[in-house]
Protein chains: 2
Amino acid sequence: MRHSPYQSLENRFRRLFALRDAEAFLTWDLAAMMPPGGADSRAEQLAQLRAVQHNLLTAPDMGELIETADGGALTPDEAANLREMRVQWRRATALPEDMVTELSRANSACETAWRTARPASDFAAILPHLERVLARIREKAKVLSQALYLAPYDALLDAYEPGGRAADIDAVFDDLVAFLPGFLDEVLAHQAVEPAVIRPQGPFAVETQRQVGLGFMEQLGFDFERGRLDISLHPFCGGSHEDVRITTRYNEDDFTSSLMGVLHETGHALYEQGLPRKWRDQPAGDARGMSVHESQSLMIEMQVCRSAPFLRHAAPILAEAFGGEGPAWNADNLVRLFTRVKPGFIRVDADEVTYPAHVILRYRLEKAMVEGTMEASDLPTAWNEGMQTLLGITPPDDRRGCLQDVHWYDGAWGYFPTYTLGAMTAAQLFAAAKRADAAIEPGIARGDFAPLLNWLRANVHGKGSLLTTRDLLTEATGRPLDAAPFKAHLRARYLT
Amino acid sequence: MRHSPYQSLENRFRRLFALRDAEAFLTWDLAAMMPPGGADSRAEQLAQLRAVQHNLLTAPDMGELIETADGGALTPDEAANLREMRVQWRRATALPEDMVTELSRANSACETAWRTARPASDFAAILPHLERVLARIREKAKVLSQALYLAPYDALLDAYEPGGRAADIDAVFDDLVAFLPGFLDEVLAHQAVEPAVIRPQGPFAVETQRQVGLGFMEQLGFDFERGRLDISLHPFCGGSHEDVRITTRYNEDDFTSSLMGVLHETGHALYEQGLPRKWRDQPAGDARGMSVHESQSLMIEMQVCRSAPFLRHAAPILAEAFGGEGPAWNADNLVRLFTRVKPGFIRVDADEVTYPAHVILRYRLEKAMVEGTMEASDLPTAWNEGMQTLLGITPPDDRRGCLQDVHWYDGAWGYFPTYTLGAMTAAQLFAAAKRADAAIEPGIARGDFAPLLNWLRANVHGKGSLLTTRDLLTEATGRPLDAAPFKAHLRARYLT
């Protein structure tokens, strides 16, 4: 039986996606199940799986198959699938294999060194490693830039955010930078005259926290026939569309961080579980990109679960589960607790108002380094100056400054902006959803998330990668990304 | 850099073994972790992983690499590795791809039908499926027979038991058949005059059972840095050498089956954890075959843990863990409990004395069916006659007769004899170990298994597949497999 070029491609991507899913489960297992002695052989399994995928994707006849696949007979969805295939193939074939190997080596060495340099706050120790990584990243950006007809930074960004362009990001980030410092002052003044936040006192048993998390996951629509909740050091959402594995970690003194972590990962999971099943083993059925993915976790965590209506619904559930009594468990106090704003040095601890400053700082610095207008050795100074400008605080050491995130030290350049693009996308989508269906907000107030989930399924999840990010957002909200809905959300939540 | 043909082969098998290990962890996950909705996509992942392995193993240039790899410069271990590579390659290339696909389809259909036919005891319903499987199996045996220069049944057996030959099996099984029925009568008469067995009364909390199992695993030498204990419906030992995953299931009314299950799987796991790490990603570093693997689980379960010295050591530990008091927890009673002999219909529930009869029956029947001297439709009658001859009982229905095991219905022909070959091998190895090191038996009596484990590491585990099964056993015990040590073991345990 002869296959058409397009059918051959679908078969190849079916194999590729099965191997990618296999890799995802082995990665989940590594974080959630694997005993320490399995690390070396697991690394080998993952490396070989990646190598096999790379070989399949860059097979000599792939280019011809891709170029001849559209004989005019493809449906629009198939054409979208082919478009996504081409993107993956172009990126995979753009880099020579020895460049990939050398970058991977530089990343590993730097990441290993970072693990000791960070706690020691020793930037000097990591600098030679970081310089090697940066040199390779610039080389990679240059080669990709030529192959993909993109500016060097955009060529890196595009791996995480297909279609993302620095020019568009600059526009919305500049808008935020003009808004945020003044807004932050207003919020701090506003919160200063509010009643003091009272922290519920633990200990909070791990099993109770787990049950509470599972309960909210179920309310939100997580399908436990196609997913699990487990424990890992760093919470994440892994597995595959049909079997989504989310993780959290528990702190017996504080249930709030684990709870919000579970809700955040549930947002990612709902997206994965809602991807179009018809396309589940093809690029068109994949999640759209990092900013849309992050928009779904922030939709659930920030837009929904830190809102007053949700927290009023959740307060008695939490009080009963943990046996909590008194003013700390009062709904208004919980709202204040979960929306408290305070500038700090650490991105992952930041609240919704100050988070964009952390991201914009990193975006500007990594872009400058990739473009060659800044060197790795300039990083500590530039970092601290940026923190002072954007948040009005200066880190006392590099551990709480430019050494805090693993991303650059592990070779992930071009990733940072997607966090705040996701936050803005979440606000824009949520505003559109509420306009489209008046049942969404009252539903949230009584723990019925079906109206919201239905809108997300129809307008985001079920679209997979059939549309570009820009078209997805435009179809769902009537316009491409802009900062206005996010600013409106912040004003409504923090100044009223 | 140019690799020698042998080096190229090592690199290819490194990739093959990493993919095989990936498959093993996904299989473990399927049984121990996966939610039901993940089944379809997991099946696809496993099928694609197998297809990729098959493609790698049957690549067009593999034959030439294998034929030119021994330029005379290989070490003896490398030559052994090449020998094992050749075996795998010959078997992989012997069958045309459409034959593999058709067999796989026939197996799946038959296995699915068996799932309802077994509880309904409906052999007629499964017969057409079984006939199709048998036809394919005969075809497979014929093609393999010609490619591997083996008799048809041996060509199937060889997949599970490399180097295993029916002529050798017939010799030792005939020896057992001449011995067992009379011996069984003697044992039953002997046990009839012993004090009645008293069953400890539950409930036995699952978490306590788990802790007891973990405690004995640790005593036996299981390395928890490189392995885990979890729960699955059917206990098994999975994962890879460097990260061995064993499973059990718990029954709150009876701790004994789970405990012996854990100890049995621990025997498999100790073998895997003791395989030669230098060869861990090569065929020479693999477990030797099913009979040696089963000998290691039966070494721990049957030779060690159902022995009186072990059970006297274990009795107070069990009584304390479960809060047990009275005569049921007395060591002598536990010895009787764990060595009770009673002919029954079901293989997996059989004791050590009657188990070989179950296996020999299946071996003779499957061999006759493969060789064409018996048809699938003859199975119920032949089965029941065999049970009457070997064990003196006749199953009341096919559910408790020829429908009880999944093996034939799932296409696993040539596997059954390895169970009893393993039991005999265990007895022969254990006798040799005790002769070699007088510290082994007194060690077991006080819960110190290091002397035994050291002997197994040196003589079995650490050999991987560097020797053939016959040479391994001859080097370790001074002679190839024979039935005498197993018979001596049974006499010593059950008639004194």
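Preceding this section is the structure that the text describes.
Since the structure is predicted, the reported quantities are computational estimates derived from the model, not experimental observations.

A. Representation of the overall build of chain A. Tallying secondary structure elements over chain A gives 20 helices and three strands in all. Overall, the C-alpha framework of chain A stretches about 70 × 55 × 50 Å when taken along its three principal axes. Within chain A, the fraction of its 496 residues that count as buried is 44%. The long-range share in chain A, meaning contacts at least 24 apart out of those at least 6 apart in sequence, stands at 71%.

B. Spatial organisation of helix α9 (residues 206–220) of chain A. Residues and elements named next belong to chain A. For α9, with 15 residues, the first-to-last C-alpha span of 21 Å sits near the 21 Å given by 1.5 Å per residue. When we look at burial in α9, the residues that qualify are Q209, V212, G213, F216, M217 and L220. Taken down its axis, α9 places every buried residue within 135 degrees of arc, on the same side. What points out from α9, more than 90 degrees from its buried face, is the exposed set E207, Q211 and E218. Each element contacted by the buried residues of α9 is listed here: β1 (227–231), β3 (243–248), α10 (255–274), α11 (290–305) and α12 (308–322). Where α9 terminates, the next one or two residues include G221, which has phi positive at roughly 110 degrees.

C. Quick peek at the relation of the copies chain A and chain B. With an RMSD of 0.1 Å, the fit of chain A onto chain B corresponds to turning through 180 degrees and sliding 0.0 Å along the axis. The superposition operator between the copies reduces to a two-fold rotation axis. Taken as a fraction of all interface residues of chain A, those also at the interface in chain B reach 100%, which identifies the copy contact as same-surface.

D. Representation of the interface of chain A and chain B in the model. Taken together, the 30 residues of chain A in the interface contact 31 residues of chain B. Those elements giving two or more residues to the side of chain A that touches chain B turn out to be α1 (5–32), α2 (39–57) and β1 of chain A. In terms of residue count, α1(A) provides more of the side of chain A that touches chain B than any other element does, eight residues in total. Among the residues forming the side of chain A that touches chain B, the class breakdown is twelve nonpolar, seven polar and eleven charged.

E. Structural context of the sheet that holds β3(A). Residues and elements named next belong to chain A. Spatial strand order, β1-β3-β2: three strands in an open sheet with mixed pairing. The outermost strands of the open sheet, each flanked by one partner alone, are β1 and β2 (237–240). Strand-to-strand twist in this sheet, taken as the mean axis angle between neighbours without regard to direction, amounts to 20 degrees. Bridge count between β2 and β3: four bridges; the pairing is antiparallel. Looking across to β3, one finds that C237 is bridged to I246. Sheet strands touched by α10: β1, β2 and β3. Its angle to β3, the strand with the most contacts, is close to 165 degrees.

F. The arrangement of the packing of helix α7 (residues 152–160) of chain A against helix α14 (residues 355–371) of chain A in detail. All names here are of chain A. At a minimum axis separation of 9 Å, α7 and α14 run at an interaxial angle of 125 degrees. By the angle between their directions, the pair α7 and α14 is classed as oblique. Touching P152, Y153 and L156 of α7 are K367, V370 and E371, all from α14. Looking at side-chain class alone, the contact of α7 with α14 contains four nonpolar, no polar and two charged residues.

G. Representation of the environment of E441(B) in the model. Residues and elements named next belong to chain B. Mapped onto the fold, E441 is located in helix α17 (residues 440–445). The class of E441 is partly exposed, set by 16 C-beta atoms lying within 10 Å. Sequence spacing of E441 and L452 is eleven residues, and the spatial spacing of their C-alpha atoms is 8.3 Å. Beyond its immediate sequence surroundings of up to four residues, E441 is in contact with P309 and K434.

H. Spotlight on unusual backbone geometry. Residue and element names in this part refer to chain A. Cis geometry marks the peptide bond from G202 to P203, where omega comes out at 5 degrees. Looking at the element boundaries, P203 is found in the loop between α8 (166–192) and α9. Positive phi, close to 55 degrees, is recorded for Y149, a residue that is not glycine. The topology assignment puts Y149 in the loop between α6 (123–148) and α7. Taking the C-beta count within 10 Å as the criterion, Y149 has 10 such neighbours and is therefore assigned exposed.

I. Structural detail: the pairing of strand β3 (residues 243–248) of chain B. All names here are of chain B. Here β3 lies mainly inside the structure; six of its six residues are buried. Burial along β3 is two-sided: the residues D243, R245 and T247 and V244, I246 and T248 are all buried. Examined bridge by bridge, strand β1 (residues 227–231) and β3 share five bridges and lie parallel to one another. By the bridge assignment for β3, R228 is matched with R245. Once strand β2 (residues 237–240) ends, the chain turns through two residues before running back antiparallel as β3.

J. Structural view of the sheet that holds β1(B). Residues and elements named next belong to chain B. Pairing is mixed in the open sheet, where three strands are placed in the order β1-β3-β2. Whereas interior strands pair on both sides, the edge strands pair on one side only; in this sheet they are β1 and β2. With strand direction ignored, the average angle separating the axes of adjacent strands in the sheet is 20 degrees.

K. Spotlight on helix α15 (residues 379–391) of chain B. Residue and element names in this part refer to chain B. Look at α15: 17 Å from first C-alpha to last across 13 residues, which is about the 18 Å you get at 1.5 Å a residue. For α15, the set of buried residues is L379, W383, G386, M387 and L390. On an axial view of α15, the arc spanned by its buried residues comes to 100 degrees, and they lie on one face. Away from the buried face of α15 by more than 90 degrees, exposed residues T381, Q388 and T389 are located.

L. Layout of the environment of G267(B). Residue and element names in this part refer to chain B. Residue position: G267 is located in helix α10 (residues 255–274). The exposure class assigned to G267 is buried, which follows from the 28 C-beta atoms found within 10 Å. A C-alpha to C-alpha distance of 8.9 Å links G267 and F222, two positions 45 residues apart in sequence. Setting aside its immediate chain neighbours within four residues, G267 contacts Q296, S297, L298, M299, I300 and E301.

M. Broad picture of the environment of Y409(A). Residue and element names in this part refer to chain A. The residue Y409 is located in the loop between α15 (379–391) and α16 (417–436) in this model. It is 9.0 Å that separates the C-alpha atoms of Y409 and A109, two residues lying 300 residues apart in sequence. Discounting chain neighbours no more than four positions away, the residues touching Y409 are C110, E111, W114, I126 and L130.

About the cut-offs
Residues numbered from 1 in each chain as written. Chains lettered and ligands numbered in written order. Predicted model: local features only at pLDDT ≥ 70, side-chain atom pairs only at ≥ 80, totals over all residues. Helix = DSSP H or I, 4+ residues; strand = E, 2+ residues; numbered from the N terminus. Buried ≥ 20, exposed ≤ 12 C-beta atoms within 10 Å, placed from the backbone. Contact = placed C-beta atoms within 7 Å. Expected span 1.5 Å × (residues − 1). Arc of directions from axis to C-beta. Least-squares fit on C-alpha atoms with pLDDT ≥ 70 in both. Nonpolar A, V, L, I, M, F, W, Y, C, P; charged D, E, K, R; others polar. Pairing = 2+ DSSP bridges. Axes fitted to C-alpha atoms, helices over the stretch in contact; angles between N-to-C directions. Parallel < 35°, antiparallel > 145°, perpendicular 65-115°, else oblique.

Everything listed here is a matter of coordinates, which is why it stays silent on function.
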